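Take a look at the letters that make up each chain.
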Amino acid sequence: MTKTILITGAAGFIGSEFLRQTLEDTDYNVIILDCLSYASNEEYMWRLLKGVPKERYDFSQQRLENLSPYWVKRLNLRSIDYVYHFAAESHVDNSNTNGKPFIDSNILGTYSLVEYLRKNHPELKCFFHISTDEVYGPSFNPSYADETFNLLSHYKESDRLAPTSYYAVSKASSEMIVQSAGRVHGFPHVITRCANNFGNTQHNEKLIPKFIEKVLKGESFPLYGKGEQIREWVSSTRHGECLFALTKFLGGKVQSGDIYNIGGYALTNKELMDKILGILDIPIADVKFDTSFDRPGHDLAYGINSTKLDTMVGGYAKDTFEKEFRNTVCYYRDNILSTKVLDYE
């Protein structure tokens, strides 16, 4: 029998890539819940669904913390095998300015969804909660050895959580809601904590598309601190592939309550920008940087150990990373100055 999955945030960056893989690589029926916020790419989502038989998908514009009674009745008529919960507010700078949308969406939205599912869908096989490496808090950075000497370089799934921003705190809180539902009510779940994602459908407030846009337009780019902060980078394609691999191993190598880090390749922000400029063939001397401001409470590094996942599904090959990164940069180079809306192909 054909399985049915529920994807929250399928009009967002990572969620839409997962939707694409679902439609192209499986025969799953898909239920989509998305509030279509400012960061959503509704046009891209509908292009993915173009030509898909109507009986294969169902879409509703919903805020998870306030599901409509009508939509709840519709959901109650469906059998749901897996849930992939991508929906979240995710921009750290925005959370520092106003944390309430992050509390509403990430905490209350997750609680509302979990409560609905556990009370109404006993057939649910697994709730995949997509989280972030930022829940661990900052890691060791050799460029800031004095400030980070007491921190680990790479956190394992069993290490303590110490989130710092409102965003990271809201994601850690949502994890705990899911874990509590599992412990108290037997709610089946798997949590993934992923490094920074890159790809073609990202909102232009994020680092890679924002930097490329500023460079190509000759505008000043805000460089926080000295650009020595470390982040790991993984493609949204790899992220989606890992989620499908975990789904495949459910009930065997993967058990309810498991947590998996999804890591990438570590770069300082300056190394990342140098890498982009190399692909664009633009000298760094031609780039205008504004170093007058730094993010309040800026974490100096994030690092995770993804051996647990990589041993099961295979590591993230360096040549694959390089190819995907180059393709992403070239995509923005070729489209970002266009007068048409980005197609995100």
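Residues numbered from 1 in each chain as written. Predicted model: local features only at pLDDT ≥ 70, side-chain atom pairs only at ≥ 80, totals over all residues. Heavy atoms only, no water.

Participant: Sorry, what's going on with the sheet that holds strand 10 (residues 259-262) here?
Facilitator: The strands that make up a sheet pair up through hydrogen bonds in the backbone, lying either parallel or antiparallel. Pairing is parallel in the open sheet, where seven strands are placed in the order 3-2-1-4-5-6-10. Of all the strands in the sheet, the pair left with one neighbour each is strand 3 (57-61) and strand 10. Looking at each pair of strands side by side, their axes are set apart by 15° on average, direction ignored. Where strand 1 (residues 4-8) meets strand 2 (residues 29-34), five bridges bridge the pair, whose relative direction is parallel. In the sheet register, Leu-6 faces strand 2, and the bridge partner there is Ile-31. On top of the sheet, helix 5 (residues 100-120) reaches strand 1, strand 4 (82-85) and strand 5 (126-132); it is set at about 170° to strand 5, its chief contact. (Pairing = 2+ DSSP bridges. Helix = DSSP H or I, 4+ residues; strand = E, 2+ residues; numbered from the N terminus. Axes fitted to C-alpha atoms, helices over the stretch in contact; angles between N-to-C directions. Contact = heavy atoms within 4.5 Å.)

Participant: Sorry if this is basic, but what is going on with the pattern of salt bridges here?
Facilitator: By the definition in use, this model includes 17 salt bridges. Residue Glu-175 pairs with Arg-193 through a salt bridge whose shortest N-O separation is 2.6 Å. Placement of Glu-175 in helix 7 (residues 166-185) and of Arg-193 in strand 6 (residues 189-194) is noted, with a sequence separation of 18 residues between them. Exposure class is identical for Glu-175 and Arg-193. Each is buried. (Salt bridge = Lys/Arg side-chain N within 4 Å of Asp/Glu carboxyl O. Buried < 20%, exposed > 50% of the residue type's maximum accessible area, 1.4 Å probe, protein only.)

Participant: Help me understand the pairing of strand 3, please; the structure alone is not making it clear to me.
Facilitator: Residues in a regular strand point their side chains to alternate faces of the sheet. A large share of strand 3 lies buried, amounting to four of its five residues. Bridge count between strand 2 and strand 3: five bridges; the pairing is parallel. By the bridge assignment, Ile-32 is partnered in strand 3 with Phe-59.

Participant: Would you mind going over the environment of Val-178 with me for this structure?
Facilitator: Within the secondary structure, Val-178 is located in helix 7. The buried category is assigned to Val-178, whose relative accessible area is 0%. Taking the C-alpha atoms as reference, Val-178 lies 22 Å from Ser-95; in sequence the two are 83 residues apart. Those residues in contact with Val-178 that lie beyond four places of it in its chain are Thr-110, Val-114, Phe-127, His-129 and His-189.

Participant: Would you explain the sheet that holds strand 9 (residues 230-235) in this entry?
Facilitator: Sheet architecture is open: three strands sit in the order 7-9-11, paired in mixed fashion. Either end of the sheet is taken by a strand with one partner, and the two such strands are strand 7 (196-198) and strand 11 (265-268). Between one strand axis and the next, the sheet turns through 45° on average, direction left out of account. Bridge analysis of strand 7 against strand 9 gives three bridges, and the strand direction is parallel. In the strand pairing of strand 9, Phe-198 is matched with Ser-235.

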